[in-house]
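Understanding the architecture of this molecule
One-letter residues, chain by chain:
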Amino acid sequence: MLDQAGQQTSFDEFALREPLRDAIRALGFTHCTPIQAQSLRHTLQGHDVTGKAQTGTGKTAAFLITIINDLLGNPPEGERFLAEPRALVIAPTRELAGQIAADAEALTRFCDLRVVTLVGGEDYQKQHRALDAGPVDIVVATPGRLIDFLRNDNLYLGLIELLVLDEADRMLDMGFIPQVRQIVSRAPHKDCRQTLLYSATFPPAITELASRWALDPVMVEVDPENIAAEAVEQMVYLVTTADKYNLLYNLLSEPGKDKVLVFSNRRDQVRKLADNLQRNGVNCGALSGEIPQHKRSRTLARFKSGEIQVLVATDVAGRGLHIEEVTHVINYTLPEEPDDYVHRIGRTGRAGKVGTSISFACEEDSFLLPPIEEKLGAKLDCIHPDEPQLAPAPPFQHPSKLKDSPRRPRNRRR
């Protein structure tokens, strides 16, 4: 759920509407995280904001509280029509959009506000029916599916009062900016709406877009690296490529590895790694972009509930997902971008708890460590595994579930 941190600024210091205040209390939150405190001082006054913040900092609650408080304080006048939202949140991935929508539902539990999610990979007609079920207040969407609704004239953005662009740098990386430009052009002009843009980084392209889409925005910024370093115990195992799987299996067999996120850089690696762990009797699932959305949602739900112990994932799961009580994050392969390292380890050590991050550095990717250490502003503890941790994993107990797994030839000539 939503992020919490014991900071000095209380939510009671802001003039929030009572139904929203009740929802925040019901969720058990009393004090703002730094990004929430900095943002709300400006956004609740109606100012546009550009926020430099990564996941795990509480930015989702920052913009949702702004939206909900504004909608409650300015009820619409006259007749309302279907598919005409008052607030729009655009997110780069389906998982992030779903999490934002879930947080919005939790914060509107005592409010007469409707939230609708529009994401690709799920039934279009079902989402269309949700829009037609009654006037909608908040739409949370991914760019591609949102464009589909606009092109089919099934959504009208002319009444948008608040626009949120979340993880703008990720949308840039994924090539969504042309679609986002089309979407923003359908909304009221920037001087007729409030715009909030959040991004982990601000390359020149994002800075230019922020100046184009927001009106005299206030820049707020937090230092997530320090937060991550304080909440997460980090270590690096120096290991050969050949010993990686044995080390992973033995680590997962140790006590206390109750809910583990394992990151790998490529989809084929994730698929193969999850399959091997399953064949070794480890209760795990896989999450990557090539897996159908309904399977991803089901796997994620099973991991959140504790039904499965290990989730092997690409960086699809690295941003925006709030998974409670992740005990360990294991970087089976080091990320090529230091920001992705921070995002990954931010999946643990949340809500005041201490988590553990374990990274494998082999001869092929050890050169990626210095940029990560520079990003963190600290040296990482690099150690060699103990001999028992490198013991060979047992023979596979179960058959492979990979459809395209090659068969081993019975008689192979040398």
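Structural notes, computed from the coordinates.

The rules behind the values
- Residues numbered from 1 in each chain as written.
- Predicted model: local features only at pLDDT ≥ 70, side-chain atom pairs only at ≥ 80, totals over all residues.
- Heavy atoms only, no water.
- Helix = DSSP H or I, 4+ residues; strand = E, 2+ residues; numbered from the N terminus.
- Rg over C-alpha atoms; globule rule 2.2 N^0.38 Å.
- Contact = heavy atoms within 4.5 Å.
- Areas by Shrake-Rupley, 256 points an atom, 1.4 Å probe, with all protein chains shown as cover.
- Lys, Arg positive; Asp, Glu negative; His and termini not counted.
- Charge placed at Lys NZ, Arg CZ, Asp CG, Glu CD.
- Buried < 20%, exposed > 50% of the residue type's maximum accessible area, 1.4 Å probe, protein only.
- Expected span 1.5 Å × (residues − 1).
- Pairing = 2+ DSSP bridges.
- Right-handed = clockwise from strand over helix to strand, strands pointing away.

Some thoughts on the overall build of the chain
The secondary structure content of the chain amounts to 15 helices and 14 strands. Relative to its length of 414 residues, the chain is compact, with a C-alpha radius of gyration of 22 Å against a globular reference of 22 Å. Summarising its shape, the C-alpha atoms of the chain cover approximately 80 × 45 × 40 Å along the three principal directions. For the chain, restricting intrachain contacts to residue pairs at least 6 apart in sequence, the fraction spanning at least 24 positions comes to 78%. As displayed, the chain has an accessible area near 19,000 Å², and 48% of this comes from carbon and sulfur atoms. With 49 positive and 56 negative side-chain charges, the chain shows a separation of 9 Å between the mean positions of the two kinds.

Some remarks on unusual backbone geometry
A positive phi angle, near 55°, is found at Asp-153, a position not held by glycine. As for its position among the elements, Asp-153 is in the loop between helix H6 (143–151) and strand E5 (162–165). You can call Asp-153 exposed: its relative accessible area is 68%.

Observations concerning helix H3 (residues 59–73)
In this model, H3 (15 residues) spans 21 Å end to end at C-alpha, consistent with the 21 Å of a helix rising 1.5 Å per residue. When you tally the buried positions in H3, you get 12 out of 15 residues, the bulk of the element. Within H3, burial applies to Lys-59, Thr-60, Ala-61, Ala-62, Phe-63, Leu-64, Ile-65, Thr-66, Ile-67, Ile-68, Asn-69 and Leu-71.

Let's talk about the pairing of strand E10 (residues 284–287)
Where burial is concerned, the two faces of E10 agree: the one with Cys-284 and Ala-286 and the one with Gly-285 and Leu-287 are both buried. Across 4 bridges, the pairing between E10 and strand E11 (residues 310–313) is parallel. Among the inter-strand pairings, Gly-285 is bridged to a residue of E11, identified as Leu-311. What joins E10 to E11 is helix H13 (residues 293–305), and the crossover it makes is right-handed.

Nothing here speaks to function; it is geometry throughout.
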